[in-house]
2 protein chains.
Amino acid sequence: MADDTDTDELGIPVLAKPLSASGRKRASITEAAIAEFVQRGYTGASVDSIATRAGVSKPTIYSHFGNKQRLFLAVIGGYLRDSYTDLGPRADGIADAPDLRTALVDFLGAWVEVVLREDIMTLRRLVIGEVERFPQLGEVWARINIVHDDALVRAFTALDQRGTLQVPDPRAAVRQLIAMTIGAAQLIRTFRPAYRFDDGELDALVTSGVDVFLSAYAGFVVPAAVVSRRRRAG
Amino acid sequence: MADDTDTDELGIPVLAKPLSASGRKRASITEAAIAEFVQRGYTGASVDSIATRAGVSKPTIYSHFGNKQRLFLAVIGGYLRDSYTDLGPRADGIADAPDLRTALVDFLGAWVEVVLREDIMTLRRLVIGEVERFPQLGEVWARINIVHDDALVRAFTALDQRGTLQVPDPRAAVRQLIAMTIGAAQLIRTFRPAYRFDDGELDALVTSGVDVFLSAYAGFVVPAAVVSRRRRAG
DNA sequence: GTCTATATAAAGATAGAC
DNA sequence: GTCTATCTTTATATAGAC
């Protein structure tokens, strides 16, 4: 058993830093398990195969992690946490950027490139597919999203106080902005892993999302979004 | 083998209408297989268990569907197609509704209630989790979404021609509206199956999404979204 | 077409030696 | 702590009788 390992508040075992020979084996098991689980899913993955990949015997895995479920939670939960903790660009400069529209487009454009990475998308599909069996992983994901959103929430709160934006509910506004840009792109690739965005397609998607957002919350219509509209209306 | 069954353009076997005794068995296998796959996933489901649920023997299943993969594709693909073909409210009245905002809120509110149903969400998670193994299912899903979006696309195109809305790219606009409302709600429940929306929470989410949409594409700010904003700006 | 019975392989997990 | 060897169960798939 491995009941002596600590777990965080979501039940994800927190692994100690590997140092000893035993620690190195544990690390190699972790690495092998991530690869196997990501590739074949929870049920499809076999402990045998993980042992072979890691270059250890099966009982070694069981002595470290107890059983397959604990192994999955520990390695995938930890992988999630570590991957996303410092993932994506920082939003710190946005509140003070000279051109808000450009700053948002750049920020969201960089972010969407990260979340559309194959490895990230595959991990995402794995977690979604297993979330009814392992609800803790969904909670980890939700928490990570909140943390990531916070940067934009702070920026919009500041901009609201300065009067640059009028955002009564910053968190809701952030959710809307992200849904229109990142969420829309992610949704396509969630169901169509092979889909490739054309040159400029992602850009247009992000830009028009930002424009809709600004036209609602900045109280003005941004040029590019509404050329045809100005013409028509005028 | 079951190589004599027809398949549609996505490779999903099209099942003939069940009539004979053999047809009834086939139908009961289909029903049992859907339940088993939805409950345990593709790899976790066992043909043994499906046979028991259906009250038939294992060879009967293999004689009808060939192997487990074909069985999965046939029943889940068919279930997807049938479930979603006439799912959700009709958007036909929207272009001619006296109050566009109310019509959109009602329409999207009804729609989001359907897509958040447990059985629909579970099916969605299953498809996402298996989409790398069965890309056809993702294509089916994408096609269904396009069909569903079309109703709104037509409505916005008509409203654009009449000048009620200014929507240069109706399909992109529909995607944005749906992302902010349905997509945002769906995303939460995708990772948190146990999450329950408060009374009014879904309503607020949908309404504020519609308001952002209208403020961008109708060229005016709708009352409820911006009370605090009018005050500030005035 | 459908069954019983079975072939064959692989899974999760552990006993016991070192 | 880690290994070899093994237990037990369950999986997909099929042969052959009716």
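For the structure, check the block above.
A brief structural summary. Not measured: the values here are computed from a predicted model.

### A look at the overall build of chain A
- The helix and strand tally for chain A stands at ten helices and zero strands.
- Within chain A, contacts between residues at least 6 apart in sequence are counted, and of these 67% link residues at least 24 apart.
- As displayed, chain A offers around 10800 Å² of accessible surface, 52% of which is attributable to carbon and sulfur atoms.

### Side note on the interface of chain B and chain A
- Taken together, the 42 residues of chain B in the interface contact 42 residues of chain A.
- Both faces combined, the contact of chain B with chain A buries some 3800 Å², and carbon together with sulfur accounts for 61% of it.
- In this assembly, chain B and chain A are joined by four salt bridges.
- Note that A:Glu139 is salt-bridged to B:Arg192, the shortest N-O span being 3.1 Å.
- The tally of links between chain B and chain A comes to eight residue pairs in polar contact (both at pLDDT 80 or more).
- Every element with two or more residues in the side of chain B that touches chain A is listed here: helix H1 (21-44), helix H6 (118-130), helix H7 (135-162), helix H8 (170-191), helix H9 (201-217) and helix H10 (227-233) of chain B.
- Of the residues forming the side of chain B that touches chain A, the biggest block, nine residues, is contributed by H8(B).

### Some words on the nonpolar core
- Counting 80 residues, the largest nonpolar core has A:Leu104, A:Leu152, A:Phe213, B:Leu104, B:Leu152 and B:Phe213 as its most contacted members.
- The set of elements that each furnish at least two residues to this core consists of helix H5 (100-115), helix H7 (135-162), helix H8 (170-191) and helix H9 (201-217) of chain A together with helix H5 (100-115), H7, H8 and H9 of chain B.
- Leaving out residues up to four positions away in the same chain, B:Leu104 has contacts with B:Ile94, B:Gly109, B:Leu152, B:Phe156, B:Leu177, B:Val210, B:Phe213 and B:Leu214.
- Of all hydrophobic cores here, the second largest spans 74 residues; its members include A:Phe37, B:Ala74, B:Val140 and B:Phe191.

### Details of a negative patch on the surface
All names here are of chain A.
- On the surface, a cluster of negative charge is contributed by Asp-99, Asp-106, Glu-113 and Asp-203.
- Here Asp-99 is to be found in the loop between helix H4 (68-85) and H5.
- Using a relative accessible area of 39% as the deciding quantity, one classes Asp-99 as partly exposed.

### Details of the protein's contact with DNA strand D
- Near DNA strand D there are 16 residues, and of these A:Pro59, A:Thr60, B:Lys58, B:Tyr62 and B:Lys68 occur at the shortest range.
- A breakdown of the atoms of DNA strand D within 4 Å of the protein gives sugar and phosphate a share of 49%.
- Within the backbone of B:Ala45, one N or O atom sits 3.1 Å away from a phosphate oxygen of DNA strand D.
- Note that a phosphate oxygen of DNA strand D is positioned 2.9 Å from one of the side-chain N or O atoms of B:Lys68.
- Counted by class, the surface near DNA strand D contains six nonpolar, six polar and four charged residues.

### Concerning the relation of the copies chain B and chain A
- Each copy of the sequence occupies a distinct position, and chain B is placed on chain A by a rotation of 180° and an axial shift of 0.0 Å, giving an RMSD of 0.0 Å. Considering both components of the superposition, the chain copies are consistent with a two-fold axis. Among all residues of chain B, the minimum C-alpha distance to the rotation axis is found for B:Gly129, at 2.1 Å.
- With an isologous cut-off of 70% or more, the 100% of interface residues of chain B that recur at the interface of chain A puts this contact in the isologous class.

### Focus: the side chain of A:Asp149
All names here are of chain A.
- With respect to the element layout, Asp-149 can be found in helix H7.
- Despite its burial, Asp-149 remains without a salt bridge, the nearest opposite charge being carried by Arg-171 at 5.0 Å.
- Excluding residues within four positions of it along the chain, Asp-149 makes contact with Trp-111, Arg-171, Val-174 and Ile-178.

### What about the pattern of salt bridges?
- With the rule as written, the count across this model stands at 24 salt bridges over all chains.
- Across the salt bridge formed by A:Glu36 and A:Arg40, the nearest N and O atoms sit 3.6 Å from each other. You can see A:Glu36 and its partner A:Arg40 sitting in helix H1 (residues 21-44), four residues apart, about one turn around the helix.
- A salt bridge links B:Arg53 to B:Glu36; the shortest N-O distance between them is 3.0 Å. Note that B:Arg53 is positioned in helix H2 (residues 47-54) and B:Glu36 in helix H1, a separation of 17 residues in sequence.
- By relative accessible area, which is 39% here, B:Arg53 ends up partly exposed.
- With relative accessibility at 0%, the residue B:Glu36 sits in the buried group.
- One salt-bridge network, held together by shared partners, links A:Glu36, A:Arg40 and A:Arg53.

Definitions and limits used
Residues numbered from 1 in each chain as written. Chains lettered and ligands numbered in written order. Predicted model: local features only at pLDDT ≥ 70, side-chain atom pairs only at ≥ 80, totals over all residues. Heavy atoms only, no water. Helix = DSSP H or I, 4+ residues; strand = E, 2+ residues; numbered from the N terminus. Contact = heavy atoms within 4.5 Å. Areas by Shrake-Rupley, 256 points an atom, 1.4 Å probe, with all protein chains shown as cover. Buried area = accessible area lost by both parts, 1.4 Å probe. Salt bridge = Lys/Arg side-chain N within 4 Å of Asp/Glu carboxyl O. Polar contact = N/O pair within 3.5 Å; in protein donor to acceptor, adjacent residues only side chain to side chain. Core = buried A, V, L, I, M, F, W, Y, C linked by side-chain atoms within 4.5 Å. Buried < 20%, exposed > 50% of the residue type's maximum accessible area, 1.4 Å probe, protein only. Patch = residues over 30% accessible without salt bridge, like charges linked within 9 Å, V, L, I, M, F, W, Y side chains within 5 Å. Lys, Arg positive; Asp, Glu negative; His and termini not counted. Charge placed at Lys NZ, Arg CZ, Asp CG, Glu CD. Near = heavy atom within 4 Å. Nonpolar A, V, L, I, M, F, W, Y, C, P; charged D, E, K, R; others polar. Least-squares fit on C-alpha atoms with pLDDT ≥ 70 in both.

Interpretation in functional terms is not warranted from these geometric data alone.
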